[in-house]
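# Coordinates in review
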Amino acid sequence: MITLTDFLIVSAALFCIGLYMIITKHNAIQILIGIELMLNAAILNMVAFGKFDRITNGGQIFALFAIVLAAATTAVALAIILNVYKKYRTIDPGKINNLKDK
Amino acid sequence: MNIGQVLFYVMAFVVLASALFVAGSKNLVRSIFMFFITLFGLAGLYVLALADFVAVTQIVIYVGGVLVLILFAFMLSGRETLNILQQQKSKFISLNKLPAILFAALFFVVMVNVLIKTGAGNLPWIKQAVATNAAIGPNDITVNNIGINLMTRYLLPFEAISILLMMALVGAAHLARKERGAV
């Protein structure tokens, strides 16, 4: 029998790996991947708790919503990264230090 | 130790190992493709949590959509991204990454502590769900119920998501368009 705590521990580990990536990476795409890892940890939690809700299926349905939202996030982030690259010729978030009108 | 448990540990290992590789790899392309494996492993974990519909959605949207988008972002942002990566030729555990490693590890320790102290399996509503047979069993078909719930109980969030998706689409198109007569 796989207990609920097993799922939660896997998801906590995934979340911490995402956190590490967001802190250390110097590349907007890798930071985006870190955010996706953290989102997936949250979705795993929702699915694991959704197992105990057969009638209303709250956990699974909101996991679906979170997956769709993550796709939308990635699309917008891609557009932003491409614009930033066009303007600065780099996607290191540490080197992007101007607002629109310099 | 039945086969479900063995599969769970295999999947959890695949997910965590590939996620660690993604975090540690110097090669961006390789780390993106390892991220692919992480997402597949997560779909396997969703199946083991008896959420087959979510698992299929994960494969369709994440592996089919999000990953291709990330690859696009990488390919379109050119050689500079690779140059940044090649500058940092240090080892995996270098001194300037130590605070981040410590922070993540301590956060993990705190979270595991909280999880074990809480004892998620003994929460009242979960015990009640198991007692009243409201937990999903291995032989249940959940997809019908998800469809009905999506169109009745969760109709408002569903519509809100659809509006938000449309806004994201318009916003992304606005950001990515070529400016005519730009400053």
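The structure we're discussing is the one just above.
All figures in this text were calculated on a predicted structure; none of them were measured in a lab.

With that settled, consider the overall build of chain B. Looking only at helices and strands, chain B has 8 helices and 0 strands in total. Listed by position from the N terminus, the elements making up chain B come as α-α-α-α-α-α-α-α. Looking at chain B residue by residue over its 183 residues, the buried ones come to 19%. Long-range contacts, defined here as pairs at least 24 residues apart, represent 51% of the contacts in chain B between residues at least 6 apart.

Let's shift gears to the interface of chain B and chain A. Of the residues lining the interface, 74 residues belong to chain B; the matching set on chain A comes to 63 residues. Contributing elements (two or more residues each) for the side of chain B that touches chain A: helix H1 (3-24), helix H2 (28-48), helix H3 (52-76), helix H4 (79-87), helix H5 (98-118), helix H6 (124-131), helix H7 (143-151) and helix H8 (155-176) of chain B. With 14 residues, H3(B) is the largest single contributor of residues to the side of chain B that touches chain A. Here the residues of the side of chain B that touches chain A sort into 57 nonpolar, 13 polar and 4 charged.

Close contact between helix H3 (residues 58-88) of chain A and H8(B) brings their axes to 9 Å; oriented N to C, the two are set at 10 degrees. One way to sum up the angle between H3(A) and H8(B) is to call them roughly parallel. When the axes of H3(A) and H8(B) are compared, the crossing they make is left-handed. Within the contact between the two elements, H3(A) uses Phe65(A), Val68(A), Ala72(A), Ala75(A), Val76(A), Ala79(A), Ile80(A), Leu82(A) and Asn83(A) and H8(B) uses Pro157(B), Ile161(B), Leu164(B), Leu165(B), Ala168(B), Gly171(B), Ala172(B), Leu175(B) and Ala176(B). Looking at the contact of H3(A) with H8(B), its residues break down into 16 nonpolar, 2 polar and no charged.

What follows covers the packing of helix H1 (residues 4-24) of chain A against H5(B). When two helices pack together, their arrangement is given by the angle between the helix axes and by the axis-to-axis distance. In the contact formed by H1(A) and H5(B), the axes pass within 9 Å of each other and the chain directions differ by 160 degrees. Considered as vectors, H1(A) and H5(B) are oriented roughly antiparallel to each other. H5(B) is crossed by H1(A), and the crossing has right-handed handedness. Here Thr5(A), Leu8(A), Ile9(A), Ala12(A), Ala13(A), Cys16(A), Leu19(A), Tyr20(A), Ile23(A) and Thr24(A) of H1(A) come into contact with H5(B), specifically with Ala100(B), Ile101(B), Phe103(B), Ala104(B), Phe107(B), Phe108(B), Met111(B), Val112(B), Leu115(B) and Ile116(B). Residues that form the contact of H1(A) with H5(B) fall into these classes: 18 nonpolar, 2 polar and no charged.

In this structure, Leu14(A), Leu44(A), Val47(A) and Leu45(B) are the most contacted members of the largest nonpolar core, which totals 67 residues. Looking at this core, the elements with two or more residues in it are H1, helix H2 (28-50) and H3 of chain A together with H1, H2 and H3 of chain B. Residue contributions to this core peak at 14 residues, all from H2(A). Residues in contact with Val47(A), not counting those within four places in the same chain, are Gly59(A), Gln60(A), Ala63(A), Tyr46(B), Ala49(B), Ala51(B) and Val54(B).

The rules behind these values
Residues numbered from 1 in each chain as written. Chains lettered and ligands numbered in written order. Predicted model: local features only at pLDDT ≥ 70, side-chain atom pairs only at ≥ 80, totals over all residues. Helix = DSSP H or I, 4+ residues; strand = E, 2+ residues; numbered from the N terminus. Buried ≥ 20, exposed ≤ 12 C-beta atoms within 10 Å, placed from the backbone. Contact = placed C-beta atoms within 7 Å. Nonpolar A, V, L, I, M, F, W, Y, C, P; charged D, E, K, R; others polar. Axes fitted to C-alpha atoms, helices over the stretch in contact; angles between N-to-C directions. Parallel < 35°, antiparallel > 145°, perpendicular 65-115°, else oblique. Left-handed = near helix turned anticlockwise from the far one by under 90°. Core = buried A, V, L, I, M, F, W, Y, C linked by C-beta atoms within 7 Å.

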